[in-house]
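Structural description and commentary
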Amino acid sequence: MEAARQYNVHEAKTHFSRILEQVATGEEIVISKAGEPVAKVVPLRPKVKRTGRGSLQGQIHIREDFDDLPDDIADAFGMR
């Protein structure tokens, strides 16, 4: 695994646009103050593409007895 690039606060302020370009390509950037890392700039996760309602129709099957509790659990909850 490649180490994250590191910038001090002054460099980060001066080269902020460049840092954002690097992060946009997947790099992680560490910002340091007085030689100590204080922040990490990381890329956001991509948005999940939704295919819409009903996209799993026919792929998921719910059994008829799905809502039926086993006797011992029903007893524990006072449902019998």
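Refer to the structure presented above.
Keep in mind that this is a model prediction, so the values were computed, not measured.

1. A short note on the side chain of glutamine 22
- When you line up the elements, glutamine 22 lands in helix H2 (residues 16–24).
- For glutamine 22, the contacting residues outside a window of four places in its chain are Arg5, Tyr7, Glu27 and Ile29.

2. Re the environment of alanine 34
- In this fold, alanine 34 is placed in the loop between strand E2 (29–33) and strand E3 (36–41).
- The exposed category is assigned to alanine 34, whose relative accessible area is 81%.
- For the pair alanine 34 and valine 9, spaced 25 residues apart in sequence, the C-alpha separation works out to 8.6 Å.

3. Regarding H2
- Every buried residue of H2 is accounted for by Ile19, Gln22 and Val23. All buried residues of H2 project into a common sector of 100° when viewed along the axis, lining one side. The exposed residues of H2 that point more than 90 degrees off its buried face are Ser17, Glu21 and Ala24.
- The inward-facing, buried residues of H2 contact strand E1 (5–8), helix H1 (9–14), E2 and E3.
- Note on H2: the residue one or two positions beyond its end, glycine 26, has a positive phi of about 105°.

4. With respect to the pairing of E3
- The element E3 is barely covered by neighbouring structure, given that only zero of its six residues are classed as buried.
- The hairpin formed by E2 and E3 contains two residues between the paired strands, and alanine 34 there has a positive phi angle of roughly 55°.

5. Details of the pattern of salt bridges
- Tallied over the full model, the rule gives three salt bridges.
- With a closest N to O distance of 3.3 Å, glutamate 28 and lysine 40 form a salt bridge. Taken together, the residues glutamate 28 in the loop between H2 and E2 and lysine 40 in strand E3 connect sequence positions 12 residues apart.
- The salt bridge involving aspartate 65 is made with arginine 63; its shortest N-O contact spans 3.0 Å.

Definitions and limits used
Residues numbered from 1 in each chain as written. Predicted model: local features only at pLDDT ≥ 70, side-chain atom pairs only at ≥ 80, totals over all residues. Heavy atoms only, no water. Helix = DSSP H or I, 4+ residues; strand = E, 2+ residues; numbered from the N terminus. Contact = heavy atoms within 4.5 Å. Buried < 20%, exposed > 50% of the residue type's maximum accessible area, 1.4 Å probe, protein only. Arc of directions from axis to C-beta. Pairing = 2+ DSSP bridges. Salt bridge = Lys/Arg side-chain N within 4 Å of Asp/Glu carboxyl O.

Limitation: the analysis is restricted to geometry and does not speak to function.
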